[in-house]
Amino acid sequence: MPDDTLMAADAASSPVCREFTVLELRRTGLKADLASPSKDGPDHSHWLLDLEPPADFPGEGGWTPGQFVMLRPVSWAFEPLWARPFSICMLERGVLRIFFQVVGRGTRAMSVLRRGDRIVVWGPLGRGFVVEPETPTLLLAGGIGLAPFIGYARRHPRPDTLRLFFGHRPEVGEYPLDLLPQGMAVEASRQTCAEELACFVGDLERRIAEYAGTDGLILACGPHPFLQAVQSLAVKHRARAQLSLENRMACGVGACLGCVTETTNQALPVKVCTQGPVFWAHELRLGVDLGGNQADLGGKV
Amino acid sequence: MNPAVELAGLRLKNPVLTASGTFGYGVEFAPYGDLTELGGIVVKGLSWEPRAGNPMPRIAETPCGMLNAIGLQNIGAHRFVAEKLPLLPWAEVPVIANLYACDVEDFARLAEYLAGQEGVAALEVNISCPNVQAGGILFGQDPGQAARVTRAVKEKAGTKPVIVKLSPNVTDITSVAKAAADGGADILALINTLSGMAVDVRTRMPRLANVIGGLSGPAIKPVGLRCVHQVSRAVDLPIIGLGGIASAEDVLEYILVGAWAVQIGTANFLRPDTAFRIAADLPKLLDDLGVTSWEEFRGALRA
Ligand SMILES: Cc1cc2nc3c(=O)[nH]c(=O)nc-3n(C[C@H](O)[C@H](O)[C@H](O)COP(=O)(O)OP(=O)(O)OC[C@H]3O[C@@H](n4cnc5c(N)ncnc54)[C@H](O)[C@@H]3O)c2cc1C
Ligand SMILES: Cc1cc2nc3c(=O)[nH]c(=O)nc-3n(C[C@H](O)[C@H](O)[C@H](O)COP(=O)(O)O)c2cc1C
Ligand code: FES
């Protein structure tokens, strides 16, 4: 089977690489006067970053939710070396919005960006989530995995057919749930200990079983262990589910072969950046370690 | 000045090529620039059979560099010729096939097949990949083996130039360079990645599943420059220099120590228009420096 087989929704746009300007950076979940960048280690704080795209960047209709951009502040020079991938949270009225969490060096350096700073951005990249306007659709987000669903829900022609089930560890106020459109159902569930996590997985299974039973669509984005759980439950209940992977990436364009994942129907590993990040759950073999620190990834829920 | 350059019959519009493994099959970069503005495109290393490569994780970031242990994942020579080559503007920009094999017979078979393709302008022989235990490392580290492989490829390459790509993971790179020259290489390319590793103290695990990988990026530029400097004084063949190049100025540093052309590798990941920008920046920098010909500038290091 060809290397580039379409596994999920088709990409809607052709990507470009341009310098963007920072319009605004805002910490969520805190009063403005308390917002301060961390200096000595990841603080797991959450930020909304608004960027001004140049005129020739694909506009509102030129991307599919679930697609992402690579982002690299000009000030980084060679350190950190790689750009970082981020879901397009919103692309509306000439503003590209990213919702990110500080987890390491790159995101920490992003949390001190200032208005007017220049950022090299390339995208929109990858293949996004399918949209089936009339199908009841369950959005499963784990922590920062909420980001692509904000754009998905805002772009969806029938938000009343959507339901978000959102698992998180930090306080719910860290997340910009107010950006979701009116009329969609939202349930947030916080886990701070192992018992709560077990309870969450039980809730997850009930919802997946329900949507499988009614031939609904399930879309999930979140840390690797969360996606593994969703995948096994989706397979168990024969649900139609798509998963968005967050593998470590260097190039984002399908050149370095560092982001690959194994699938059930391709001989060679597939590139998450160009053949994903969204895949049908039954096509993936998620046994492989993604290169992230699993404890950290779990901690991000 | 006109930045065009000719090496062993290989005519380049400018000396800026892309490095194997960092530019995909070329087509991946078409959205970010005009491929025909490059001096040449070296594609991902090809083997006879498709290869799945090494387990994940197989890339890691390091200070001003990266480690990779991709293990030469590629779609195989046949699928490259059938599916990728027709998409490249090979009539306007030289497309160079980088080849990898585990034994001399396989190298010869690959060379014959790829040199026979109209769209392939030259062959680059990877005798230096540090990621595959099954032979790769031996060819590049043993002068006798390097000469054997070069001879086998050269015999099958017909009129197409043969570039031999050298590894820096040796005590004396000039002895391998001389061996490749004796084997009939038309051009030498150096350097491939430096063998290295990275460790996570929290998990106590190596950052690559393969444990050891190849270091590339700006961090290795001093090593690349040193190797080109040494080899250009020891061997009378045109050299393509690479290792850590990220700007037009870096290109000229390599040419000053003796390179005829260069390849852009890891810098293609920093932003996908890097190679195009470097090719576009070069004429202005040459003008600013008052350079009027490559012959005057090449190897003109004051040392
Ligand atoms: C397609 C895609 C979309 C993404 N969208 C978003 C988004 O909208 N918002 C957001 O905050 N993050 C998103 N991520 C994750 C984001 O790219 C990483 O958090 C970021 O690269 C970490 O960079 P760092 O330098 O801060 O961390 P590093 O210093 O590189 O690593 C610090 C820690 O972060 C973890 N980490 C590193 N890379 C990733 C990764 N790719 N995914 C998950 N964990 C990682 C590592 O395990 C490590 O423990 C996305 C990733 C992908 C591949
Ligand atoms: C991800 C990756 C894959 C590579 N694959 C190949 C390959 O298939 N064949 C080869 O000869 N060199 C390969 N290389 C080595 C590069 O072509 C180049 O020699 C090296 O990266 C040094 O140059 P740089 O510092 O500019 O990247 C690869 C390098 C990287 C980073
Ligand atoms: S990130 Fe480089 S191939 Fe996907």
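Just above sits the structure.
Calculation notes
Residues numbered from 1 in each chain as written. Chains lettered and ligands numbered in written order. Predicted model: local features only at pLDDT ≥ 70, side-chain atom pairs only at ≥ 80, totals over all residues. Heavy atoms only, no water. Helix = DSSP H or I, 4+ residues; strand = E, 2+ residues; numbered from the N terminus. Rg over C-alpha atoms; globule rule 2.2 N^0.38 Å. Buried < 20%, exposed > 50% of the residue type's maximum accessible area, 1.4 Å probe, protein only. Contact = heavy atoms within 4.5 Å. Areas by Shrake-Rupley, 256 points an atom, 1.4 Å probe, with all protein chains shown as cover. Lys, Arg positive; Asp, Glu negative; His and termini not counted. Charge placed at Lys NZ, Arg CZ, Asp CG, Glu CD. Arc of directions from axis to C-beta. Buried area = accessible area lost by both parts, 1.4 Å probe. Salt bridge = Lys/Arg side-chain N within 4 Å of Asp/Glu carboxyl O. Polar contact = N/O pair within 3.5 Å; in protein donor to acceptor, adjacent residues only side chain to side chain. Nonpolar A, V, L, I, M, F, W, Y, C, P; charged D, E, K, R; others polar. Phe/Tyr/Trp six-rings, centres within 6.5 Å; stacked < 30°, edge-to-face > 60°. Near = heavy atom within 4 Å. Pairing = 2+ DSSP bridges. Axes fitted to C-alpha atoms, helices over the stretch in contact; angles between N-to-C directions.

**A closer look at the overall build of chain B**
Reasoning step 1: Across its full length, chain B carries 10 helices and 16 strands.
Reasoning step 2: Whereas a compact globule of 303 residues would reach a radius of gyration of roughly 19 Å, chain B reaches 18 Å, a difference of no more than 12%.
Reasoning step 3: In terms of principal-axis extent, the alpha carbons of chain B reach across some 50 × 45 × 40 Å.
Reasoning step 4: Across the 303 residues of chain B, 63% fall into the buried class.
Reasoning step 5: Once local pairs closer than 6 in sequence are excluded, the contacts in chain B between residues at least 24 apart make up 71%.
Reasoning step 6: With an accessible surface of roughly 11000 Å², chain B has 52% of that area assigned to carbon and sulfur atoms.
Reasoning step 7: Charge separation in chain B, taken as the distance between the mean sites of 26 positive and 30 negative side-chain charges, equals 5 Å.

**What to know about helix α1 (residues 77-84) of chain B**
Residue and element names in this part refer to chain B.
Reasoning step 1: Every buried residue of α1 is accounted for by Ala77, Phe80, Val81 and Lys84. The buried residues of α1 all sit within an arc of 115° when viewed along its axis, so they share a single face.
Reasoning step 2: Residues of α1 that are buried in the fold lie against β7 (95-99) and α2 (104-115).

**Points about the interface of chain A and chain B**
Reasoning step 1: Taken together, the 41 residues of chain A in the interface contact 40 residues of chain B.
Reasoning step 2: Across the interface of chain A and chain B, roughly 3200 Å² is buried in total on both sides, 63% from carbon and sulfur atoms.
Reasoning step 3: Counting across the interface, chain A meets chain B through 3 salt bridges.
Reasoning step 4: Where chain A packs against chain B, one counts 7 residue pairs in polar contact (both at pLDDT 80 or more).
Reasoning step 5: Of all elements in the fold, only β1 (16-27) and β7 (118-125) of chain A reach the threshold of two or more residues within the side of chain A that touches chain B.
Reasoning step 6: Residues that form the side of chain A that touches chain B fall into these classes: 25 nonpolar, 5 polar and 11 charged.

**Here we look at helix α7 (residues 248-256) of chain B**
Residues and elements named next belong to chain B.
Reasoning step 1: Residues Ala248, Asp250, Val251, Leu252, Tyr254 and Ile255 constitute the buried set of α7.
Reasoning step 2: Packing partners of the buried residues in α7 comprise α6 (221-234), β15 (239-242), β16 (261-264), α9 (274-288) and α10 (294-297).
Reasoning step 3: A positive backbone phi angle near 125° is found at Gly258, which sits one or two residues after α7.

**Considering the packing of aromatic side chains**
Residue and element names in this part refer to chain B.
Reasoning step 1: Summed over all chains, the structure comprises 13 aromatic pairs over all chains.
Reasoning step 2: With 6.3 Å between their ring centres and 50° between their planes, Phe23 and Phe276 make a pair best called tilted. Residue Phe23 is found in the loop between β3 (16-18) and β4 (40-42), and its partner Phe276 is found in helix α9; the two are separated by 253 residues along the sequence. Across the pair, exposure class does not vary: Phe23 and Phe276 are buried alike.

**Some words on the site of ligand 2**
Reasoning step 1: With respect to spatial proximity, 24 residues lie near ligand 2, and among them Ser20, Lys165, Gly217, Gly244 and Thr266 of chain B are the closest.
Reasoning step 2: Residues within reach of ligand 2 are spread across chains A and B.
Reasoning step 3: With respect to ligand 2, the side chain of Lys165 of chain B contributes an N or O atom lying 2.7 Å from an oxygen atom.
Reasoning step 4: A distance of 2.7 Å separates an oxygen atom of ligand 2 from a polar backbone atom of Gly244 of chain B.
Reasoning step 5: Here ligand 2, which alone exposes 610 Å², has 97% of that area covered by the protein.

**Topic: the sheet that holds strand β11 (residues 194-196) of chain B**
Sheets are built from strands that pair by backbone hydrogen bonding, the pairs being arranged parallel or antiparallel.
All names here are of chain B.
Reasoning step 1: Across the sheet, which stays open at both edges, the 4 strands sit in the order β5-β6-β14-β11 with antiparallel pairing between neighbours. Looking along the sheet, the strands with just one partner apiece sit at the ends: β5 (59-62) and β11. Strand-to-strand, the axes of this sheet are offset by a mean angle of 35°, without reference to chain direction.
Reasoning step 2: Alignment of β5 against strand β6 (residues 65-68), held across 4 bridges, turns out to be antiparallel. Bridge pairing in β6 links Ile59 to Asn68.

**Let's talk about the sheet that holds strand β10 (residues 185-190) of chain A**
All names here are of chain A.
Reasoning step 1: Pairing is mixed in the open sheet, where 6 strands are placed in the order β10-β9-β8-β11-β12-β14. Of all strands in the sheet, those with a lone pairing partner are β10 and β14 (278-280), marking the two edges. Geometrically, the sheet is characterised by an average inter-axis angle of 20° between neighbouring strands, direction not taken into account.
Reasoning step 2: Here 6 bridges tie strand β8 (residues 137-142) to strand β9 (residues 162-168), and the two strands are oriented parallel to one another. The residue bridging Ala141 from the neighbouring strand is Phe166, located in β9.
Reasoning step 3: Across the face of the sheet, helix α3 (residues 194-213) comes into contact with β8, β9, β10 and β11 (217-221) while running at roughly 165° to β9.

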